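The lines below spell out each chain.
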Amino acid sequence: MPIYVFPPNGGGSSSPLLSFLVGAATLAIIIGLVIFFLPFIFGIVVAILVLVALFCGWRWLKRKFGWESAEERNFRAAMENFEAAARGQYQGGAQPGGTVYQREEVRVTTSMPGARARARMMKDVEDIEENPKPAEAPKNDQTAV
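Being a predicted model, the structure only gives us computed values, none of them experimental.

A word on the overall build of the chain. When helices and strands are tallied, the chain shows 2 helices and 2 strands. Burial analysis of the chain (145 residues in total) assigns 4% to the buried set. Sequence separation of at least 24 residues holds for 44% of the intrachain contacts in the chain that already meet a minimum separation of 6. Carbon and sulfur atoms make up 66% of the accessible area of the chain, which amounts to about 13,300 Å² in all.

Turning our attention to the confidence of the model for the chain. Overall, the predicted model of the chain reaches an average pLDDT of 75, with 52% of residues at or above 70. The secondary structure element of the chain with the lowest average pLDDT is strand S2 (residues 118-128), at 56, and the one with the highest is helix H1 (residues 16-65), at 93.

With that out of the way, let us pick up the side chain of Glu68. Note that Glu68 resides in the loop between H1 and helix H2 (70-90). Here Arg76 takes part through its side chain, which lies 3.2 Å from a polar atom of the side chain of Glu68. Glu68 has contacts with Lys62, Arg63, Arg73 and Arg76, leaving out every residue within four places of it along the chain.

Next up on the list: H1. Between the first and last C-alpha of H1 there are 72 Å, a value that for 50 residues agrees with the 74 Å anticipated at 1.5 Å per step. The sharpest bend along H1 measures roughly 35° and falls at Phe37, with the proline Pro39 sitting one to four residues further on. With its phi angle positive at about 70°, Gly66 sits one or two positions after the end of H1.

With that out of the way, let us pick up the pattern of salt bridges. Within this structure, the stated rule accounts for 4 salt bridges. A salt bridge links Glu72 to Lys62; the nearest nitrogen and oxygen atoms lie 3.7 Å apart. Taken as a pair, Glu72 in helix H2 and Lys62 in helix H1 lie far apart in primary sequence, 10 residues in all. Judged by its relative accessible area of 22%, Glu72 is partly exposed. Of the charged contacts, one joins Glu68 and Arg76 as a salt bridge, the two residues approaching to 3.2 Å between their closest N and O atoms. Via salt bridges that share partners, Arg59, Lys62 and Glu72 belong to a single interconnected network.

On to the packing of aromatic side chains. The geometry of an aromatic ring pair is captured by two quantities: the separation of the ring centres and the angle between the planes. Under the defined criterion, the tally for this structure stands at 3 aromatic pairs. Between Trp58 and Trp67, the aromatic rings sit 5.9 Å apart at their centres with planes inclined by 40°, giving tilted as the arrangement. Plain terms: the ring middles of Phe65 and Trp67 are 5.3 Å apart, the flat faces sit at 25° to each other, and that makes the pair stacked. Trp67 sits in the partly exposed class, given a relative accessible area of 48%.

Lys62 gets classed as buried once you look at its relative accessible area, which sits at 16%. Excluding its chain neighbours within four sequence positions, the residues that come into contact with Lys62 are Trp67, Glu68 and Glu72.

Parameters and conventions
- Residues numbered from 1 in each chain as written.
- Predicted model: local features only at pLDDT ≥ 70, side-chain atom pairs only at ≥ 80, totals over all residues.
- Heavy atoms only, no water.
- Helix = DSSP H or I, 4+ residues; strand = E, 2+ residues; numbered from the N terminus.
- Buried < 20%, exposed > 50% of the residue type's maximum accessible area, 1.4 Å probe, protein only.
- Contact = heavy atoms within 4.5 Å.
- Areas by Shrake-Rupley, 256 points an atom, 1.4 Å probe, with all protein chains shown as cover.
- pLDDT = per-residue confidence, 0-100.
- Polar contact = N/O pair within 3.5 Å; in protein donor to acceptor, adjacent residues only side chain to side chain.
- Expected span 1.5 Å × (residues − 1).
- Bend = angle between axes of the 7 residues up to and from the residue.
- Salt bridge = Lys/Arg side-chain N within 4 Å of Asp/Glu carboxyl O.
- Phe/Tyr/Trp six-rings, centres within 6.5 Å; stacked < 30°, edge-to-face > 60°.

Take a look at the structure:
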């Protein structure tokens, strides 16, 4: 005879009513704990949102009243200058020297007998640094079969 004898599923008795009651009690305990800790979780979420709002408000006040450090002011001025230069290049008012952006469009059209024609357009932007080489005239429409 074996030394260890394990009871059948459901504990010592295999009553379906007892198994149902144990499951219902377990579910009730879990739901009760969730309901009990829900305000705590909500409080943590609200506290995080308030801290983020306070941080953003403090940053805005520092900028508004000029309380930011000299490093922040210099960095902000440099970034605004770089953004203005980039916008000028994009709009066609580029200054000689610096980065030049060149755009190329390639259209590929394929047509097979008995199939409908398909066309694809590929756009490519190249970044040419300080001393750009003279570029060839761009070909706007290149077709391949």
